[in-house]
Amino acid sequence: MTFEDDRETAVAPGASGVMAAMSGGVDSSVCALLLQEAGYAVRGATMVLRDDQESTCGSSRDVEDARAVCQRLGIPHDAFDLRDRFDAAVVRPFCDAYLEGRTPNPCIACNRFLKFESLQQRRRELGFDYVATGHYARRRWDAATGRWQLLRACDPAKDQSYVLYHLTQDTLAHMLFPLGELTKGEVRELARARGFVTAAKPESQDICFVPDGDYARFIEGRCGADTAFNPGEIVDREGRVLGGHAGLIRYTIGQRKGLGIAAREPLYVLAKDTAANRLIVGFKDELLSVGVVASDMNFISGDVWQGPREVLVKTHYRQHPVPAVAEQTGVDELTVAFDEPQRAAAPGQAAVLYEGDIVLGGGTIARAL
C-alpha cells in the first residue's frame, strides 16, 4: 500500500522515513499502523498544544495515548511543544476574528500553521521524507500537468479536504494520507484488532480549546472587556429597531434561536454592523447570497487563473459542493458567483473550490454578495 492513486508514480516505501502526525485519536493511530505495514520507517510525532489533561486535541492526555500506540507498534515517538505557536497562529486570530464580527474556522488555521507548516519544518530538520496525517483525503500525481493534486476522500461522510485547501505543491510532495480510501468504521475496526487504547476514543471537539462550546465566555476571559460584548440594537435591513442584543460576539450568521423577538415567521442573523454595534436580522429568504468575495487565496496547482472558471464550491464544512463560477479578480481576491443563491455564507469561513473530486484551492470569505 503506497497511499497514492497513480500506482505508476507512487513512491516505493523501502527506506523512506515518515513522520506520522499523531493526535492521540483513532485516525492518526491507524495512520501510523498502515504506514508501518506498508514498510515505511515510521516515527510518531505529537504536537503539545495545551496544558490541561482534557481529552481534546493537543492535550497531555492525547500525548500519552499517542505514545501508548507507538509503544504497541514498536516505533519511536516525539512530542513537540508547540503551545506558543498554537496560541499565536490559532487562538489569538480566533479571538480577534470574533471581536471584529467574523466567524473563523480555527481548524483550518491549525491544519495550515501547525499540522503542516510546523511539522513540515520538523520533518526537514530531522531528515524525514514525508509527514503523514490521519486526514480523510487523497493526493495524486497528474502526469499531464506535472503537478500534485489534492482529492476528496473516497468516503464522502468523512471527507476533510475542505480544511486542506491551503496545501501547496511542495507540501503535497512530502505528504501521505493513508486513510483516504477508508471509512471511519474500517479505521475503528483496524484499531480494535490491534488493541489500541484509542480504538473507541470519541471524536475531538470542533473547537478543541473551547470544549464546552461557550466561545464568547472563553474570549471574554482571555481578552477582557471589548465593544463586541456591549449590548446594542437588533434591526432589520431597513434599520428599524426590533429589539436588543447581548453583545455581537454572542451571535453567528444564520443563527435563529435566542433572538427574543416575536415575528410572523422566524428571524435569522443576517449580518453584524460592528461600527454601529447593531445586529441585523431578517427572514430566511434574506439569508441567501448570490456569491462571495474571498481573500488570502491559495491555488494548489500554483497557477494564476486566467478568466472565469466553472467550479463546485463549499462555503462551510458541512455543505455539499454547489455549482458556481469563480474568477480571480485581484492579486489576492477571488469572486465566486453561485449558480443558485446559497444560505449563510459567513465572513471568516473558507470558500473552497472543487473540480469533481479535485480540490482546486480557495480563500477566506471577506464578504457575501
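Up top is the structure these notes are about.
Analysis parameters
Residues take numbers from 1 onward in each chain, read along the sequence in its written order. Local features in a predicted model are, by the rule used here, given only for residues with pLDDT of at least 70; side-chain atom pairs are given and counted only at 80 or more, and totals for whole chains, interfaces and linings are based on all residues. Only hydrogens and water are set aside when side-chain values are computed; all heavy atoms of the structure are taken into account. Here a Phe, Tyr or Trp ring, Trp counted by its six-membered ring, pairs with any other such ring whose centre lies within 6.5 Å, and the pair is stacked when the planes are under 30 degrees apart, edge-to-face when over 60, and tilted otherwise. For every residue, the accessible area (1.4 Å probe, protein chains only) is compared with the maximum for its type, and the residue is labelled buried under 20%, exposed over 50%, or partly exposed between those bounds. Two limits define a charge over a ring: the Lys NZ or Arg CZ must be within 6 Å of the ring centre, and within 35 degrees of the ring normal. Any two cysteine sulfur atoms lying within 2.5 Å of each other are counted as a disulfide. Throughout, nonpolar core names a set of buried Ala, Val, Leu, Ile, Met, Phe, Trp, Tyr and Cys residues whose side chains join them through atoms within 4.5 Å. The numbering of helices and of strands both runs from the N terminus, where a helix is a DSSP run of H or I of at least 4 residues and a strand a run of E of at least 2. At least two DSSP bridges between two strands are needed for those strands to be called paired. Two residues qualify as a contact provided that any one of their heavy atoms is within 4.5 Å of a heavy atom in the partner residue. Helix axes use the C-alpha atoms of the stretch in contact, all axes being lines fitted to C-alpha atoms, and the angles between their N-to-C directions lie in the range 0 to 180 degrees.

Some words on the packing of aromatic side chains
For any pair of aromatic rings, the description rests on two quantities: the centre-to-centre distance and the angle between the ring planes. In total, this model carries nine aromatic pairs according to the counting rule given. Centroid distance Phe209 to Phe218: 5.4 Å. Interplanar angle 50 degrees. Geometry classified as tilted. Looking at Phe209, the relative accessible area reads 7%, which means it is buried. For Phe218, a relative accessible area of 24% translates into the label partly exposed. Ring geometry for Phe299 and Trp305: centres 4.5 Å apart, planes at 15 degrees, overall stacked. The side chain of Arg152 reaches across the aromatic face of Tyr354, ending 5.2 Å from its centre. The residue whose ring lies beneath Lys314 is Tyr317, and the NZ or CZ to ring-centre distance is 5.6 Å.

Some thoughts on the state of the cysteines
Across all of its chains, the model carries zero disulfides by this definition. The structure places no disulfide on Cys31, whose sulfur is separated from the nearest cysteine sulfur, that of Cys70, by 10 Å.

Focus on the nonpolar core
Phe86, Leu114, Leu150 and Ile219 are the most contacted members of the largest nonpolar core, which totals 48 residues. Elements with a minimum of two residues in this core: β1 (17–21), β2 (41–48), α3 (83–99), α4 (106–126), β6 (147–152), α7 (215–223) and β16 (350–355). Take this core: its biggest share by element is eight residues, from α3. Ranked by size, the runner-up nonpolar core spans 29 residues in total, among them Ile75, Ala132, Leu179 and Phe196.

Things to note about the environment of Ala262
Along the chain, Ala262 falls in the loop between β9 (241–245) and β10 (268–273). Taking the C-alpha atoms as reference, Ala262 lies 9.0 Å from Leu242; in sequence the two are 20 residues apart.

Comments concerning the sheet that holds strand β7 (residues 175–176)
Taken in spatial order, the five strands make up an open sheet running β3-β2-β1-β4-β7, and their pairing is parallel. Two strands close off the open sheet at either side, each with one partner strand: β3 (77–81) and β7. Sheet analysis places β2 next to β3, joined by five bridges and oriented parallel. By the bridge assignment, Ala45 is partnered in β3 with Asp78. Set on the sheet, helix α1 (residues 26–37) makes contact with β1, β2, β4 (130–132) and β7; between it and β1 the angle comes to about 165 degrees.

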